Amino acid sequence: MTHPWAIQVDDQLERRIRKPIDLLRCVMSCIWIFVLAVAGVAAGATTTGVETDIVGASRRLPHALLVVAPPIALFALFILPVALAVAQLVRRQARRLIEAVATGLLAGAAAGIANGVLLRHFAARLYYAIIMSSPGTSHVNALDPYLTGLVAYATMIGLAGRTAWRNALGLAIGVYAIVQLAALHTTILSILITLLAGRAIGLAVRYGAGVTSQRPSARDIATALSASDLAVSSIRRVRQPPARMAGSRHYTVATHDGGQLDVAVFDRDQQAAGAIYRLYRWVRVQGQVSRTAPLSVDRAVERRTLLYYATEDAGVPTPRLRTVARAGPEAAVLAYDHCEGTTLAQRNPECTDAELGLIWDAVTRLHARHVTHRGLTADRILFTGDGRVMLLDPGDGEVAASDLQVRLDLAQLIVELALFVGPEKSAHLAVEKVRGSELVTVLPLLQPVALVRSTRHALRRRRDVLPAVRKILLAAVPGGEVTPVQLERVRPRTLVTLVASIAASYLLAGELAQTSLRRLLASADWRWGVAALALSAVTYAGATLSLSGFVAERLGFLRTLLVQVASSFVTLVTPAAVGGVALNVRYLQRRNIPAAVAVASVGVSQVVSFVMHILLLAVFAAISGTGTKSPIRPPTWAYFVVGGLVVLAGAVLAIPSGRRIVRARLSPTFGQVLPRLLEVAQHPRKLAEGFGGTLLLSLAYILCLSACVAAFGRSVPIAKIGFVYLTGSAIGSIIPTPGGLGAVEAALTAGLTAAGVPGAVAVSAVLLFRLLTFWVPVPLGWAALNFLERKHDL
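Everything numeric here is computed off the predicted structure, so don't read it as measured data.

Participant: Looking at this structure, how should I read the packing of aromatic side chains?
Facilitator: The geometry of an aromatic ring pair comes down to the distance between the two centres and the angle between the two planes. Here the structure, examined in full by the defined rule, presents 6 aromatic pairs. With centroids separated by 6.5 Å and ring planes inclined at 75°, the aromatic side chains of Tyr 308 and Tyr 336 adopt a geometry described as edge-to-face. Highlighted residues: Tyr 308 in helix 11 (residues 297-313) and Tyr 336 in strand 8 (residues 331-337), separated in sequence by 28 residues. Per residue, the accessibility class of Tyr 308 equals that of Tyr 336, and both read buried. Measuring from ring centre to ring centre gives 5.5 Å for Tyr 701 and Tyr 725, while their planes differ by 20°; the resulting arrangement is stacked. Note that Tyr 701 is positioned in helix 27 (residues 684-710) and Tyr 725 in helix 28 (residues 718-734), a separation of 24 residues in sequence. Joined through ring pairs, the aromatic side chains of Tyr 308, Tyr 309 and Tyr 336 make up one cluster. Taking the ring centre of Tyr 207 as reference, the NZ or CZ of Arg 18 above it sits at 5.9 Å.

Participant: So what exactly am I meant to see when it comes to a nonpolar patch on the surface here?
Facilitator: On the surface, Leu 23, Val 27, Met 28, Ile 31, Trp 32, Phe 34, Val 35, Val 38 and Ile 276 cluster together into a nonpolar patch covering about 780 Å² of accessible area. The dominant element in the nonpolar patch, judged by the number of residues it contributes, is helix 1 (residues 20-42), at 8 residues. Along the polypeptide, Val 27 turns up in helix 1. A relative accessible area of 31% means that Val 27 is categorised as partly exposed.

Participant: How should the sheet that holds strand 10 (residues 381-384) be read in this particular structure?
Facilitator: Sheet strands pair via backbone hydrogen bonds, and the direction of the pair is either parallel or antiparallel. On the basis of which strands lie adjacent, the open sheet formed by 3 strands has the order 9-10-11 and antiparallel pairing. Edge positions in the sheet fall to strand 9 (341-343) and strand 11 (389-391), since each has one partner strand and no second. The mean angle between the axes of side-by-side strands here comes to 30°, regardless of whether they run parallel or antiparallel. Bridging between strand 9 and strand 10 involves 3 bridges; their strand directions are antiparallel. Within strand 10, the position partnered with Thr 343 by the bridge is Leu 382. Contacting strand 10 and strand 11, helix 13 (residues 353-368) crosses the sheet at an angle of about 45° to strand 11.

Participant: Sorry, what's going on with the pattern of salt bridges here?
Facilitator: Using the criterion set out here, one finds 20 salt bridges in the structure. A salt bridge links Asp 393 to Arg 304; the nearest nitrogen and oxygen atoms lie 2.6 Å apart. Here Asp 393, found in the loop between strand 11 and helix 14 (403-421), pairs with Arg 304, found in helix 11; they are 89 residues apart in sequence, far enough to count as distant. The same class applies to Asp 393 as to Arg 304, namely buried. For the salt bridge of Arg 380 with Asp 396, the shortest nitrogen-to-oxygen distance reads 3.1 Å. On the criterion of sequence distance, the pair formed by Arg 380 in the loop between helix 13 and strand 10 and Asp 396 in the loop between strand 11 and helix 14 is long-range, its members being 16 residues apart. Classification of Arg 380 as buried rests on a relative accessible area of 12%. Taken together, the shared-partner salt bridges connect Arg 304, Arg 380, Asp 393 and Asp 396 into one network.

Cut-offs applied
Residues numbered from 1 in each chain as written. Predicted model: local features only at pLDDT ≥ 70, side-chain atom pairs only at ≥ 80, totals over all residues. Heavy atoms only, no water. Phe/Tyr/Trp six-rings, centres within 6.5 Å; stacked < 30°, edge-to-face > 60°. Helix = DSSP H or I, 4+ residues; strand = E, 2+ residues; numbered from the N terminus. Buried < 20%, exposed > 50% of the residue type's maximum accessible area, 1.4 Å probe, protein only. Lys NZ or Arg CZ within 6 Å of the ring centre and 35° of its normal. Patch = residues over 30% accessible without salt bridge, like charges linked within 9 Å, V, L, I, M, F, W, Y side chains within 5 Å. Areas by Shrake-Rupley, 256 points an atom, 1.4 Å probe, with all protein chains shown as cover. Salt bridge = Lys/Arg side-chain N within 4 Å of Asp/Glu carboxyl O. Pairing = 2+ DSSP bridges. Axes fitted to C-alpha atoms, helices over the stretch in contact; angles between N-to-C directions. Contact = heavy atoms within 4.5 Å.

Written out as C-alpha cells, the structure reads:
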C-alpha cells in the first residue's frame, strides 16, 4: 500500500458548504406553518374548544404556581443557550456561535415584526385564529420572539449527534410551553407556529451561509483507495466534471502501473440533493415513470454498484468498477477505469448508421436481461477507439425492470437520437430495430413528461422534433392507430384548475366580506341589474368578434364564444389578459392555424384593443372635461401615481439600455402584427368585424358599469363613466394580479367617487359590476373550459 504522504495531491476543498437537506427541511417547516395557519382559520371552532379546555384546566391550578412558574421557566430557558454558548467556545467554534447569535436575533426581530403585522386590520382573522381567541387570551402575542430566536439559535448551531443537548433543549421548551399555556400567555397553535418559524429561519440562514465542511480531503480519499489494493500515485480534483458522472465531487487518479481512474465521491452532506424535484416528479407522474432515487448515501452507492454489475453481466460495455470504498464516516467513493473516447454529443452529426446500430444493439442486450439505463442521453453514450459503444453511468436504471420501464428506455433513446442525428434517421432506425407489435406500445410513450430532464429542455428549443418522430413511427404502425397512455398522475391543467377554484373561493369570500351580498342585491334596482347582466354577456360577443375579425381563416362563432367564456375562469390565476391570450393562441392552433400565424393574429387583436382603448380614453376625457358643472376630481394619490409612471417611463427611455429593452420587446410584436394586419386589411368585412368587436367590447363594459351605478339610484354622464372604466381597466392590466383583483376595484371606486358618486354607492356599484362581469361568469367559464377540453378544442 502506498504511504499517504507519497501521493501527489491537487485539491481545493470547500471550507463551507450548503446542505440540500437544510433547504428541504426549511421548505417542509414553511409548509407546516401554512397548514397550521389554514387549519386555525378553517377550524376555528375546534381549536377554540381545545383552548377553552386548557383555560378551564389552568384556572384550577394554584394561583401561586401561576405567578412563580413563568419566571422560573424563562430563567431555565435563558440558562440553556448560555451553557450551549460556553460549550461552543470550549470546542473552539466561535464563528458558528456568532452566526447562531446573529440568527437568533434576526429570528426574534422577524417574530416581532410578524406580531405587528398580524395586529393590522387586514390580518385580524389570521391573528385571532393563531391565538385561538377566547376569554382570557385576546391580548397575547401571536408569536413568541424569544422562543423563535432560541430555536433559530439552536438550529444554527446544530445539535445532530449531541443527544444530551437536544434532550435538554426539548425538555426546557416543553416545560416553558406548558407553563405559558397554563398562565394563558400563549396558545397551542401559537407555540407550534413559533417553533416552526424559528426552525425555518435557522435552516434558511444555515443553508444560505453554509456550514463548515466535514468532507474527507483528497488525501483521505487516496488513502481509502490505497487500502483497496490500488497503488495511487496522484489524485487531482476535477472542477468541471462531465455531466454524465454522478456524485458530489470528482477526481482523476493515477496509479503506479500507469492506469487512470475516474473517481466519484458521494458526500453525506449532499444526500438530499434534488429531493424537491424528485418529489415534484413523484407527484406529477406515475411511479414507474419517475426515476426514484434513495436519499441515503449508502443506498445510493449500493444501487449504483448493483446496476453496474447487472450491466456488465448483460454483456454491455461500460467502464469497469474497480472498487467501492468508504472515506471516513462522511463519504463513499466509487472508482472506475478511465475510458478514452468520444461521446455522441461530441460526434454529432458525424455518426454513421453502423455506429447508431451499435448503440441500439447495446441497449437491446441490456433490456434482454430486464435491466434499464433510464439516462440514455448523448453524453452518456461513448464511442471508444476500438469501435465499441459504451453506456456510461447506468446507476439511474432499474434491475428486474417492468415492460413499461423498458419501453420508457426505448422512448428516451429514440428521442435523444432524433435530437442529434435527425428525426428521420432516428425513426427509421427504430422501425428497423423494434418489432411492429412492440413499436405500438412505445409510440404512446413519446411524451415530454416521460423523458430525461435534459432531453425535455432540448425539446423546448426544438419543438418540431417530437411531432416529426411520431409522424414517421405512426406511419409504420400496422393500422396507423395507437392507444394513448396516461403517464401523469396530476396534469398541470388540473392543478391550475384546483388552484383557481381555491383562489376563486378565497377572493370571492374576501370581496363579499366587505358587505352583505343579500343586502347589496336587495338594495339594487333589479331592472338595471338585468340590463347590466345582459351587457356583461354582450362583452363576450364583442371579444369573439374581436378575435375572429383578425383571423383570415373562418372560425365558428359559438366555439370562439365558448373560448372567450372559458378565459373568464383562466384569469383567476393569471394577470389580466395574460391567460386569455394564451387560451386564444391555443384555440387557434387547434383550428390548424400555424403557431406563428396564431400568435400574430392574437397580437393584432391585442394591439388594436390597446389603440382603441387609448383613443376612447382620450375621447371620453375630452368630453367629460368640457363640462364645468361637476368635473371629475381625481384623488391626490392618483396624481402621484400618474407622475411616477411618467417619470419611470422617461427614465427608461432616457437610458440607452432602457431604449434597447423597449425596442427588443416591441419590435418582434410589431414585426408579427403589421404583416398580419395588412393581410386582414385585404378583407374589409373581416377588418370591420375586428374593429367593431373591439369597440363593442369596450362600450359594453362602460354601459354595464353605468347600469350598475343606476341600479343604486345614481345617474352619471356616460362620458365620465367611460373615463372611469377605461382608467380602472388600464390600471388592472398593469397590476399583475389575477384578473386585476384589488387594483380594478380601488381604481373604479376612486373614479366614481371623484365623479360625484357617494362613497357607499360607489363601493356597492363596483362590487355589483365585478360580480356580474367577473364572478358570475366563473362557473360558466369552468364548464366551457371542460367542454372544450373534451372536444379537443384546447
